[in-house]
Amino acid sequence: MRIGIDVGGTNTDAVLMDGERVVAAVKRSTTRDVTGGIVAALEGLRDQLLHDRPGAGSPRAAGGTDTATLSDVNAVMIGTTHFINALVEADRLAPTAAVRLGLPATSALPPFVDWPDALVEAVSGRGYLCHGGHEFDGRLISELDPDELRRTADDIRARGIRSVAVSSVFSPVNIEFEERAAEILAAELPGVPISLSHEIGRIGLLERENATIVNAALRELATGIVDGLAGAMAGLGITAPLYLSQNDGTLMDLEFARRYPVATFASGPTNSMRGAAALSGIGTCAVVDIGGTTSDIGILSGGFPREATTEVTVAGIRTNFRMPDVLSIGLGGGSRIHPDHGVGPDSVGYRLPEQALVFGGSTLTATDIAVAAGRAEIGDPSLVAHLDRSMVQAVLKRIADEVAEAVERMRTSPEPLPVVAVGGGSILLPDELPGCGTLHRPGNHSVANAIGAAIAQIGGEVDRIYTVAPGRRETVLDEARQEAVDRAIAGGAQPGSVRIVEFDEIPVPYLPGDATRIRVKAVGDLAIKELSTKGTGHA
Amino acid sequence: MREIGLDDLADIATGAAILGTGGGGDPYIGRLMARAALRENGPVKLTPLAELPDDAVVLPVASMGAPTVMVEKLPAADELSNAVEALCGYLGRRPTHLACAEAGGVNSLIPVAAAARTGLPLIDADGMGRAFPELQMFVPGLYGVKASPMAMSDDKGNRAVIHTVDNHWTERLARAATVEMGGSSTTALYAMTGRQAREYMVPGTLSLCAELGALVERHRTTGDTAEAVAERLGGRVLFTGKVLDVERRTVGGFARGTARLTDGSAELRLSFQNEHLLAELDGVPVATTPDLICVLDQQTGVPVTTEGTRYGQRVTVLVAPCDPRWHTPEGLALVGPRYFGYDLDPVTT
């Protein structure tokens, strides 16, 4: 059995799953320290299990086979907003140095060049330009200079900087200089964590370097949070290994989480989409998650979210780490309805229970329209009985059309694509979405995120520019695929279960014909020791 | 517009992406370089073509190479001035003004950075009136202004001066040197007198970029940006519809491809090689290079690059007349449909 936990801005949800089956699910308020909300949610799960035991009157426990306790859990998966919130709030960030290897190139735009001033200050940001770096075809820009790096380390130490980000030009093509620089810096700066850009981002120096600096600034916090979570689990008698969800829907263990906190940034929307897919049994689909203010639309392919191909700006910092491609439109259960039948983008938000007509308020919202049309029973339906039928129908059509158009914008081919709707606002949608066919509405969708965390797998990835010599194409492609598979296994995947889920081969323009960027992603099931609950004598 | 300050850069970048007609490279790096240079050196003075004295020495500057390299191996701080210095040394004269070689994409802002760094004024003009992929595609070149001698510089401090027999040779040798320099270089070329610049350069294109950018910003929520842009450029909206299909391949180092659009009844086919070059409505050519075929997001009016075009986008396509000199036989030989391998006569917008 597994526990999946999703820490959102408002709620912390937890589910206990036995294979594909949801055994227990709870929702608790997110606490300021985050760990408190997680503990409360886990205690909620434990209480549900206690009530399910024989004698507690639960019909499901009558069979007597699943009288589980938290100590029977094999793995705990957490999707959390701790780290992205710390960045957005510029809170608890470590003083960080960015060491860039690339001189004499790149000096026109030093590290931190396009950062908001407040964040540069929050990380006491200091950039160092050093020699090193590679060309696109693997030639050197210049040799690494160990003495220069030692002098840089002296300055870092003298300034009391506690975390270092290293980026080297074209390190996605050749990782050598970043690794050598890390060795030299580590020897000079014992105890200072070092983050390497080739492990975090892809081609695009500034964006990759930015993501690496953000990661470096979060590493002290990561250690604190990871230790806190592990302690909280132990306090509840949970001895199972703990994992955190990453942006791409795969897992990382705690050791990895200490080193790559930035990889958790977009786990919320990813888990929501993957949970929706698992609940509906559809792995390739569009997922529409309708909340109070916005609707988020994403595309799943083979159970994994399609990633954005463009740069993503987080807290005003441009980065290029992998984020799911999500289109948000200003349409939700709390959207205001305008006289011309327009819906949103303004919303009453969390004030819905006071301001909507069905709750005795005076604002006409999308929820009121859904209730008036008989799609949901919320509040007092008699308070919207007076609404003009044709107006109600017109607004509903408008909502369906807007969502259908957003789905249409996200599609990448004219092939039919099933649509799965989740979230409280999904009552706004009809059973048939224009141009999209039947809408799938899985049960348990209010905890889709936590389910997405619980079902996560282990991934391995390669993204590099290769110079492909004539006749060597197949060999190069095979090597790239094998490397991705090896990385997944090294990350903890069961060797037999690993498969390639994404493969891209992109020729690079304006360069001699054989430069090709190859991207491969492999995933496999988490190799966990399944504890047998039968025949061990404790039942 | 008499000077370019920090607040103008965003608008110029957007306008340059429109005149880039889908290509020209991401203006982000150019914008950062211009911003860094303006922060250090203050605003750049912009000289209208009409005010340029006969004996001015005008020097266009531009980046050359692969956009993928430019976003990874960023330029060295002195790379821009090195190219200018190298050419000055060879010519034995110093420029009085810098200029943009092209108005589209990254190369609309690199010269702003160069002007701020060298303290020279920039002329409000460029040599194409849009973006094109090769350096011989330059209006003053039609009237005998030579790209040669051309200076190049790289991140390492290497400088090269190429002295060639014609502009095609300049392109060939410079392209090869750029690959050796690691896939990107900074260039200074087409040195000309103030009088030549006045007569041959395409006037007013930097202020046009700024104006177009401001227009997009103003119309962001009104949904009629394409009409406003078309009107400003003296063109017309060709088509509004949804992208049905995009096909890409790389041929001879250039990203070629087609995009099919539909509005429910008619179909528009766009052919591109970095830039949009041909639009066919239900099989009939309705716009061709050298005129500007611009694709804007239907809702926000933000220009869509050929690289960023994908299935399901709702876009508006407009065509605008290029500088009329491109429609002469000499101009069409350089940038007409046949040069790019499309066997048809140019359509006049």
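Parameters and conventions
- Residues numbered from 1 in each chain as written.
- Chains lettered and ligands numbered in written order.
- Predicted model: local features only at pLDDT ≥ 70, side-chain atom pairs only at ≥ 80, totals over all residues.
- Heavy atoms only, no water.
- Helix = DSSP H or I, 4+ residues; strand = E, 2+ residues; numbered from the N terminus.
- Rg over C-alpha atoms; globule rule 2.2 N^0.38 Å.
- Buried < 20%, exposed > 50% of the residue type's maximum accessible area, 1.4 Å probe, protein only.
- Contact = heavy atoms within 4.5 Å.
- Pairing = 2+ DSSP bridges.
- Axes fitted to C-alpha atoms, helices over the stretch in contact; angles between N-to-C directions.
- 1 Å grid on protein atoms, 1.4 Å probe; cavity = no way out; pocket = protein on both sides within 12 Å on 5 of 7 lines; lining within 4 Å.
- Points joined across faces, edges and corners; volume = space filled by probe spheres on them.
- Nonpolar A, V, L, I, M, F, W, Y, C, P; charged D, E, K, R; others polar.
- Core = buried A, V, L, I, M, F, W, Y, C linked by side-chain atoms within 4.5 Å.
- Parallel < 35°, antiparallel > 145°, perpendicular 65-115°, else oblique.
- Left-handed = near helix turned anticlockwise from the far one by under 90°.
- Expected span 1.5 Å × (residues − 1).
- pLDDT = per-residue confidence, 0-100.
- Domains from an automatic or database assignment.
- Buried area = accessible area lost by both parts, 1.4 Å probe.
- Salt bridge = Lys/Arg side-chain N within 4 Å of Asp/Glu carboxyl O.
- Polar contact = N/O pair within 3.5 Å; in protein donor to acceptor, adjacent residues only side chain to side chain.
- UniProt positions renumbered as here; feature names shortened; annotations may be inferred.
- Patch = residues over 30% accessible without salt bridge, like charges linked within 9 Å, V, L, I, M, F, W, Y side chains within 5 Å.
- Areas by Shrake-Rupley, 256 points an atom, 1.4 Å probe, with all protein chains shown as cover.
- Phe/Tyr/Trp six-rings, centres within 6.5 Å; stacked < 30°, edge-to-face > 60°.
- Lys NZ or Arg CZ within 6 Å of the ring centre and 35° of its normal.

Let us look at the overall build of chain B. Regarding its fold elements, chain B presents ten helices and 17 strands. Relative to the 2.2 N^0.38 estimate, which gives 20 Å for 349 residues, the radius of gyration of chain B is 19 Å and therefore close to what a compact globule would have. Taken over 349 residues, chain B has a buried fraction of 61%. Restricting to contacts in chain B with at least 6 residues of sequence separation, those with at least 24 account for 73%.

With that settled, the discussion passes to the sheet that holds strand β9 (residues 242-245) of chain A. Residue and element names in this part refer to chain A. Taken in spatial order, the six strands make up an open sheet running β3-β2-β1-β4-β9-β10, and their pairing is mixed. The open sheet has two edge strands with one neighbour each: β3 (21-29) and β10 (251-253). Strand-to-strand twist of the sheet, defined as the mean angle between neighbouring strand axes without regard to direction, takes the value 25°. In this sheet, β10 lies alongside β9 in antiparallel orientation, the contact comprising three bridges. Pairing of Y243 across the sheet is with D253, part of β10. Relative to the sheet, helix α1 (residues 35-51) contacts β1 (2-7), β2 (11-18), β3 and β4 (75-79), its axis offset from that of β3 by approximately 135°. Those strands touched by helix α7 (residues 219-235) are β4 and β9, and its axis lies near 135° from that of β9.

This part takes up empty space enclosed by the protein. Picture a little ball the size of a water molecule; that probe, rolled over the atoms, points out where space is still empty. All names here are of chain B. Tallied over the full model, the rule gives four cavities of 30 Å³ or more. Approximately 80 Å³ is the volume attributed to the largest cavity. In terms of lining, the largest cavity is formed by S63, M70, K73, L74, P75, E79, D155, S184, S185 and T186. Here the element with the most residues in the lining of the largest cavity is strand β8 (residues 184-188); it accounts for three residues. Partitioning the lining of the largest cavity into residue classes produces three nonpolar, four polar and three charged.

Membership of the largest hydrophobic core comes to 88 residues, with the highest contact counts inside it found for L109(A), V112(B), L122(B) and W326(B). Discounting residues that sit within four places of it in the chain, V112(B) has contacts with I4(B), L9(B), A34(B), L38(B), V44(B) and L122(B). Ranked by size, the runner-up nonpolar core spans 62 residues in total, among them V76(A), A165(A), A222(A) and L244(A).

So, about the packing of helix α8 (residues 205-218) of chain B against helix α9 (residues 225-233) of chain B. All names here are of chain B. Packing of α8 against α9 leaves a shortest axis separation of 10 Å and a crossing angle of 155°. As the angle between them shows, α8 and α9 are arranged roughly antiparallel. α8 and α9 meet at a crossing whose hand is right-handed. Here α8 contributes L208, E211, L212, L215 and V216 to the contact with α9, which in turn contributes T225, A228, V229, R232 and L233.

Turning our attention to α8(B). Residue and element names in this part refer to chain B. For α8, built from 14 residues, the straight-helix expectation of 20 Å at 1.5 Å per residue is met to within 8% by its first-to-last C-alpha distance of 20 Å. Extensive coverage of α8 is indicated by the burial of ten of its 14 residues. Here α8 has its buried residues at T205, L206, S207, L208, C209, A210, L212, G213, L215 and V216.

As a further point, take the confidence of the model for chain B. Mean pLDDT over chain B works out to 92, with 98% of the residues at or above the 70 mark. Across the assembled chains, the prediction reports ipTM 0.88 with pTM 0.84.

All names here are of chain B. Domains assigned within chain B are domain 1 (3-205) and domain 2 (222-340). Put simply, the middle of domain 1 and the middle of domain 2, counted by C-alpha atoms, are 25 Å apart. At the junction of the two partners, domain 1 supplies 29 residues and domain 2 supplies 27 residues. When domain 1 packs against domain 2, the two sides together hide about 2100 Å² of surface, and 68% of this comes from carbon and sulfur. On the domain 1 side of the interface with domain 2, the three residues burying the most area are I18, T21 and L142, jointly 26% of the side's total. Taken together, domain 1 and domain 2 are joined by zero salt bridges. Put simply, domain 1 and domain 2 have eleven residue pairs in polar contact (both at pLDDT 80 or more) between them. For the side of domain 1 that touches domain 2, the secondary-structure elements that each account for two or more residues are α1 (9-19), α7 (194-200) and β10 (202-203). The greatest single-element share of the side of domain 1 that touches domain 2, amounting to four residues, is contributed by α1.

Let us look at the UniProt feature "domain: S-Me-THD N-terminal" (unreviewed entry) in chain B. In the numbering used here, UniProt assigns the "domain: S-Me-THD N-terminal" (unreviewed entry) feature to residues 7-163 of chain B. Taken end to end, residues 7-163 of chain B comprises 32% helix and 19% strand; its first and last C-alpha atoms sit 39 Å apart.

In this assembly, 40 residues from chain B lie in contact with 42 residues from chain A. With both chains or domains summed, chain B and chain A bury close to 3500 Å², and 57% of this area falls on carbon and sulfur atoms. For chain B, the biggest contributors to the area lost against chain A are Y28(B), E72(B) and Y311(B); these three give 21% of the whole. Where chain B meets chain A, there are seven salt bridges.

Moving on: the domain arrangement of chain A. Residues and elements named next belong to chain A. Each assigned domain of chain A is listed here: domain 1 (2-86 + 223-265), domain 2 (94-217), domain 3 (295-450) and domain 4 (457-524). Spacing between the C-alpha centres of domain 2 and domain 3 amounts to 43 Å. Both sides together, the interface formed by domain 2 and domain 3 hides about 980 Å², and carbon and sulfur atoms give 51% of it. The tally of links from domain 2 across to domain 3 stands at one salt bridge.

With that settled, the discussion passes to a nonpolar patch on the surface. On the surface, a nonpolar cluster with roughly 300 Å² of combined accessible area is contributed by V165(B), W169(B) and L173(B). Residue placement: V165(B) occurs in the loop between β7 (159-162) and α6 (167-180).

Tallied over the full model, the rule gives seven aromatic pairs over all chains. Considering the side-chain rings of F256(A) and Y260(A), the 4.3 Å spacing of their centres and the 40° angle between planes classify their relative orientation as tilted. Seen from their ring centres, Y339(B) and F340(B) are 5.4 Å apart, and the 85° between their planes marks the pair as edge-to-face. For Y339(B), a relative accessible area of 34% puts it in the partly exposed group. Feature note: the residues F132(B), W326(B), Y339(B) and F340(B) constitute an aromatic cluster, connected by ring pairs. The ring of F304(A) has R274(A) sitting right over it, with the charged end atom 4.5 Å from the ring centre. Sitting over the ring of F503(A), R481(A) keeps its end group 4.7 Å from the ring centre.

All told, the structure shown has 49 salt bridges over all chains when counted by the stated rule. With a closest N to O distance of 2.6 Å, E135(A) and K156(B) form a salt bridge. Taken together, the residues span two chains, with E135(A) in the loop between β6 (126-131) and α4 (146-158) and K156(B) in the loop between β6 (150-153) and β7. Residue E135(A) is classed as buried on the basis of its relative accessible area of 1%. The partner of E199(B) in a salt bridge is R195(B), and the shortest N-O contact between them spans 3.4 Å. Of the two residues, E199(B) and R195(B) both sit in helix α7, four residues apart, roughly one turn of that helix. Linked by salt bridges that have partners in common, D147(A), R150(A), D154(A), R157(A) and E188(A) make up one network.

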